[in-house]
Amino acid sequence: MKVIYPLIAVVFLGAIAFAGVSAGLDYLFGVIIPYFSLLIFLVGFIWRIYDWVKSPVPFRIPTTCGQAKSLEWIKKDELESPSGFWGVVGRMSLEVLFFRSLFRNTKAEMTPNANLAYGSSKWLWIAGLVFHWSLLVIVLRHYRFFLSAVPGFVEMLESTDGFLQVTLPTLYITDLLVVLSATFLVLRRLASAQMRIISLSTDYFPLFLILAIVFSGISMRYLEKVDIVAVKLLIHGLTSFSAEAPGEIGAIFYVHLFLVCVLAMYFPSSKLMHMGGVFLSPTRNLANNSREKRHINPWNPEVKIRTYAEYEDEFREKMIKADLPVEKTE
Amino acid sequence: MKTNPPELSELTAEYELAPSLLKGDSPGREWLDIPVVFQDGNWCHAAKPDVIESLGFNNPRKWSPENEDWQLEKGWQKIVLDGMKERLGQFRSFKLFMDICVRCGACSDKCHFFLGSGDPKNMPVVRAELLRSVYRHEFTWSGKLLKGIVGARPLTEEVLKEWFMYFHQCTECRRCSVFCPFGIDTAEVTLVGRELLNLAGANINWISKPVSDSTRTGNHLGIEPHTFKSVVESLAEDIEDQTGVTVNPTFNRKGAEILFITPSGDIFGDPGIYTMMGYMILFEHIGLDYTLSTYASEGGNFGYFTSNQTTKKLNAKMYHEAERLGVKWILGGECGHMWRVVHQYMDTMNGPADFLEEPFSPITGTKFRNATSTKMVHIAEFTADLIHQDKLKLDPRRNDHLKTTFHDSCNIARGMGMLEEPRYVLRNVCNSFNEMPEHTIREETFCCGSGSGLNTDEYMDIRMRGGFPRASAVKHVKDKYDVNALVAICAIDRASLPPLMNYWNPGVSVYGLHELVGNALVMEGENERTEDLREDEMVDFEPEGPVREEDE
């Protein structure tokens with residue numbers, strides 16, 4: 001169920017676009033929905049970030065993963081237990097760009113004589129890294145459709161990405177990698193009992209959706225060619241707010257575009273928001289300097305404590321008898 | 001009838017033979033469909049009504065988790081959900097961690113309770129889902145709309161029971177958060193989960209009673225001032241009997257330079273008392289001008305396992321007393337969660353401590369720049385500095401009867417980043433120190449299985465399971481290097497690791513770091529030492545000759 005429902009949902013979504021465009025709803029799928037989804041994405045994304053940020057960070061709670069700054073002769077680990085701003089920048093960069101924490105991953109095993117052993121386990125890290133970086137490169141490559149003159153960095157990306165120079169048009173290595181890594185990410189959820197039990201339908205849905213987007217994109221490039229000039233015209237129209245749906249692009253393009261729109265609309269309300277959330281995580285983005293610099297809790301509550309005076313009032317006699325100093329002798 | 005804890009052979013057979021999720025066997029159903037069953041050994045006694053009343057918490061009553069009816073008050077769901085909403089607005093961590101988990105599974109086999117039980121709900125991701133599912137149902141439109149399809153479920157009494165069970169099978173050790181690509185910290189979820197349980201009136205006595213006692217008497221064990229004094233003085237007498245050196249601890253003394261606060265377990269619990277003796281010998285050796293307080297007579301803070309307001313209330317005594325006594329700064333003993341609170345919460349909650357001075361060692365002159373605001377220094381930092389500046393006369397051979405390994409306490413490692421200081425001290429006070437295998441020490445250290453207020457006897461089944469990963473790592477060095485001494489810098493470790501070792505690794509004893517310091521210190525005017533502080537025979541060595549091996 002957790003797997004089938006999202007799969008059906010993605011197929012259904014693709015079919016909607018296909019049927020819609022076949023029925024002549026080019027303008028709806030080519031213009032209205034893209035604008036609408038972009039609006040949802042932007043407003044939703046900003047809202048979610050705002051919603052998180054408006055909850056304060058009352059305590060300084062970094063998870064320290066290395067030696068803290070301490071006595072001068074003890075070597076500190078600035079990236080794993082940052083003592084200041086630049087350490088935090090370093091730690092966050094490693095986290096965001098290279099998935100540092102995931103790199104640590106181990107797999108625990110119960111040995112036959114009931115002991116535990118821990119092996120290094122880097123597959124998730126590799127697949128995750130490949131998946132995310134490939135997606136980024138692919139998104140950047142799409143920049144060429146938005147401009148009449150292709151910017152230099154995109155050309156550079158394209159030539160690097162296509163260095164294999166096999167197939168015609170040249171195979172982009174990231175197309176291959178994103179398919180492989182996303183497939184791996186789906187299969188690993190299905191292959192292990194632990195992963196099956198923790199996975200929700202909302203974990204499969206975005207993977208299927210992204211795979212469908214990738215496949216429709218790939219088929220446009222390598223198999224079912226679409227009219228690139230018409231695509232560019234449409235996109236230029238969209239970016240200059242003078243959009244008219246051009247006629248014959250090919251239904252597969254609209255399927256691709258519509259699924260991207262669905263992804264954009266789905267994004268803000270989903271776990272995909274980890275893209276923004278990773279920057280806000282208080283266990284990673286704070287310096288471990290809470291004894292050196294006072295951290296302020298904006299809602300620090302007034303709490304009634306048991307004062308020393310109250311304590312002495314209760315125990316004064318016993319304290320005097322035991323020769324303990326007291327504030328008041330009576 | 002199953003015993004609590006199970007016979008060792010039974011549990012070992014279960015680990016070896018029984019199918020388990022850890023070994024890749026599917027439980028055959030979704031975690032949502034696995035019912036919560038309370039049985040001997042997997043639940044802690046409910047907090048007694050007088051305790052709850054004295055603390056002013058909700059719904060004091062006589063009840064038991066194993067009863068069908070928990071006698072929750074009418075409208076408890078609203079109380080809990082309102083509480084959840086309030087906390088979503090107070091803690092960005094909590095809100096964020098409800099939203100951004102992608103269930104990648106990196107955390108799933110990192111929890112000691114999962115490794116020791118194979119229970120799917122002990123995978124950190126699922127532990128958070130216990131709460132997240134309700135969060136989705138109440139606070140997200142997709143959850144309201146699509147319910148179970150997106151993993152949302154309403155708050156029922158069954159769910160509350162599940163929370164009670166599994167937020168007491170999390171010791172807030174943060175090991176999972178080390179591995180999470182977004183730094184999701186289950187401790188943040190459990191902390192809130194326990195606050196919500198507290199609002200619903202589902203408290204455990206092992207936590208609430210110490211909170212109530214600590215409020216009244218200043219320490220978890222409920223020891224009144226005159227008894228506190230006489231117990232410490234009897235430890236001083238023991239020191240005199242064994243070493244011939246007189247130590248004179250003072251109490252509530254105004255004008256002392258330093259206020260020393262340590263967990264009450266060091267003063268009243270075996271083997272913690274030997275660590276306390278170690279502190280006193282050290283302070284005598286260096287002539288430290290310090291005082292103990294009978295009012296701030298507790299370093300630990302079981303309030304931290306209850307709610308953030310209760311944490312603040314109990315913690316406030318430290319600064320309150322330091323100000324009253326007019327000391328310059330505070331020195332803190334060996335304890336795990338005490339230091340999590342002191343390091344990451346105290347200054348924020350109860351500071352600024354501008355009536356204190358920036359801490360510096362009166363012996364070496366070293367300024368503890370990492371504590372300039374909080375003005376509280378950890379004893380391991382303090383002693384490491386003393387040794388580094390060559391201010392201590394140490395004979396590590398006096399610990400030659402001990403082959404040691406070091407257990408990083410969770411809070412010290414992952415909530416403070418103190419990894420090297422205790423190791424430096426340990427290497428200088430003993431000659432045999434062997435690390436446990438990688439992935440079980442430093443920032444990847446395993447909890448003792450009884451942290452966060454769970455070290456109670458009725459909970460032995462869960463504790464022996466939760467402590468299994470730690471025990472398994474100790475077994476490794478026991479077999480390989482004949483390790484017989486597990487050194488820890490945490491009072492809960494000192495209370496909970498001995499039964500864990502007796503169960504899994506008989507022959508391994510548990511020591512505090514400063515107990516070994518106390519053994520190794522060569523005091524002026526001391527008797528010839530042939531026994532350590534717990535009156536175990538030291539091995540023979542020539543009293544003359546080099547007293548301290550070269551630093552590495």
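Residues numbered from 1 in each chain as written. Chains lettered and ligands numbered in written order. Predicted model: local features only at pLDDT ≥ 70, side-chain atom pairs only at ≥ 80, totals over all residues.

1. So, the overall build of chain A
Selection rule: Secondary structure counts use DSSP, requiring at least four H or I residues in a row for a helix and at least two E residues in a row for a strand, with both numbered from the N terminus. Only C-alpha atoms enter the radius of gyration, while the globule expectation follows 2.2 Å times N to the 0.38, with N the number of residues. Buried means a residue has 20 or more other C-beta atoms within 10 Å of its own C-beta, exposed means 12 or fewer, and partly exposed covers the counts in between; C-beta atoms are placed from the backbone.
Across its full length, chain A holds 13 helices and two strands. In terms of overall dimensions, chain A is more spread out than a globule: its C-alpha atoms have a radius of gyration of 28 Å, far above the 20 Å expected for 330 residues. Counting all 330 residues of chain A, 34% fall into the buried class.

2. Some words on the nonpolar core
We count it as follows: By convention in this section, buried Ala, Val, Leu, Ile, Met, Phe, Trp, Tyr and Cys residues joined through C-beta atoms within 7 Å make up a nonpolar core. With C-beta atoms placed from the backbone, a contact is any residue pair whose C-beta atoms sit within 7 Å.
Within the largest apolar cluster, 233 residues are counted, with the highest numbers of intra-cluster contacts made by A:Leu209, A:Phe258 and B:Leu486. By residue number, the principal contributor to this core is helix H11 (residues 251–266) of chain A, which donates twelve residues. When near neighbours in sequence (up to four residues on either side) are disregarded, A:Leu209 contacts A:Val10, A:Leu259, A:Val262 and A:Leu263.

3. Examining the pairing of strand S2 (residues 116–120) of chain A
Two faces belong to every sheet, and in a regular strand the side chains alternate between them. Residue and element names in this part refer to chain A. Spelled out, the test is: DSSP bridges decide pairing: two strands pair if at least two such bridges lie between them.
Judged from the five bridges that link them, strand S1 (residues 106–110) and S2 form a sheet pairing that is antiparallel. Across the sheet, Thr106 pairs through a bridge with Ser120, a residue of S2. Between S1 and the antiparallel strand that follows it, S2, lie five residues; Ala114 among them carries a positive phi value of about 55 degrees.

4. Let's talk about the sheet that holds strand S5 (residues 404–407) of chain B
Residue and element names in this part refer to chain B. This is how the line gets drawn: Helix axes use the C-alpha atoms of the stretch in contact, all axes being lines fitted to C-alpha atoms, and the angles between their N-to-C directions lie in the range 0 to 180 degrees.
Strand order in the open sheet formed by three strands is S5-S6-S7, and the pairing between neighbours is parallel. Pairing within the sheet leaves two strands with one partner each, and these edge strands are S5 and strand S7 (509–512). Strand-to-strand, the axes of this sheet are offset by a mean angle of 35 degrees, without reference to chain direction. Bridge analysis of strand S6 (residues 485–488) against S7 gives four bridges, and the strand direction is parallel. Residue pairing across strands places Leu486 opposite Val510, the latter belonging to S7. Lying over the sheet, helix H22 (residues 491–504) contacts S5, S6 and S7, oriented at roughly 165 degrees with respect to S7.

5. Quick word on the domain arrangement of chain B
Just so we agree on the cut-off: In this document the domain limits rely on a domain assignment from an automatic tool or a database.
In terms of domains, chain B is made up of domain 1 (17–203), domain 2 (217–388) and domain 3 (396–520). The centre of domain 1 of chain B, based on its C-alpha atoms, is set 34 Å off from the matching centre of domain 2 of chain B.

6. Some words on the sheet that holds strand S4 (residues 376–378) of chain B
Residues and elements named next belong to chain B. What the four strands build is an open sheet, ordered S2-S1-S3-S4; its pairing is parallel. One side of each edge strand has no neighbouring strand; the edge strands of this open sheet are strand S2 (290–291) and S4. Where strand S3 (residues 329–332) lies against S4, three bridges are found, and the strand directions are parallel. The residue of S4 that forms the bridge with Leu331 is Val377. The strands that helix H15 (residues 308–325) touches are strand S1 (258–261), S2 and S3; relative to S1, the one it contacts most, it runs at about 150 degrees. Each of S3 and S4 touches helix H17 (residues 379–388); the most contacted strand, S4, lies at about 70 degrees to it.

7. Quick notes on the interface of chain A and chain B
Many descriptions give the size of an interface as the accessible area lost when the pieces come together. Each side of the interface is counted separately: chain A has 84 residues, and chain B has 99 residues. Elements that contribute at least two residues to the side of chain A that touches chain B include exactly helix H4 (100–103), S1, S2, helix H8 (193–198), helix H9 (201–223), helix H12 (274–277) and helix H13 (308–321) of chain A.

8. Remarks on helix H2 (residues 26–53) of chain A
Residue and element names in this part refer to chain A. This is how it is decided: Take the residue count of a helix, subtract one, and multiply by 1.5 Å to get its expected span. We define the bend at any residue as the angle between the axes fitted to the seven residues before and including it, ending there, and the seven starting there.
The end-to-end C-alpha separation of H2 is 40 Å, in line with the 40 Å expected for 28 residues at 1.5 Å each. The largest bend along H2 reaches roughly 35 degrees and is located at Ile33, with the proline Pro34 sitting one to four residues downstream. For H2, the set of buried residues is Phe29, Gly30, Ile33, Pro34 and Ser37. The inward-facing, buried residues of H2 abut helix H1 (4–22), helix H10 (228–239) and H11.

9. Re the packing of helix H5 (residues 123–141) of chain A against helix H7 (residues 173–191) of chain A
All names here are of chain A. Short version of the rule: With respect to orientation, any angle under 35 degrees is reported as roughly parallel, any angle over 145 as roughly antiparallel, any angle of 65 to 115 as roughly perpendicular, and every other angle as oblique. Handedness of a helix crossing follows the sense of rotation of the near helix relative to the far helix, less than a right angle counterclockwise being left-handed and clockwise being right-handed. Classification used: nonpolar for Ala, Val, Leu, Ile, Met, Phe, Trp, Tyr, Cys and Pro, charged for Asp, Glu, Lys and Arg, polar for all others including Gly.
In contact at an axis separation of 8 Å, H5 and H7 are set at 140 degrees when each is read in the N-to-C sense. Viewed along their axes, H5 and H7 adopt a mutual orientation that is oblique. Once H5 is placed against H7, the crossing between them reads as left-handed. Contact residues: H5 offers Ala127, Val130, Phe131, Ser134, Leu135, Val137 and Ile138, while H7 offers Thr174, Leu177, Val178, Ser181, Ala182, Phe184 and Leu185. Grouping the constituent residues of the contact of H5 with H7 by class yields eleven nonpolar, three polar and no charged.

10. Observations concerning the domain arrangement of chain A
When cut into domains, chain A gives domain 1 (4–299) and domain 2 (300–330). Using only C-alpha atoms to locate each centre, domain 1 of chain A and domain 2 of chain A end up separated by 59 Å.

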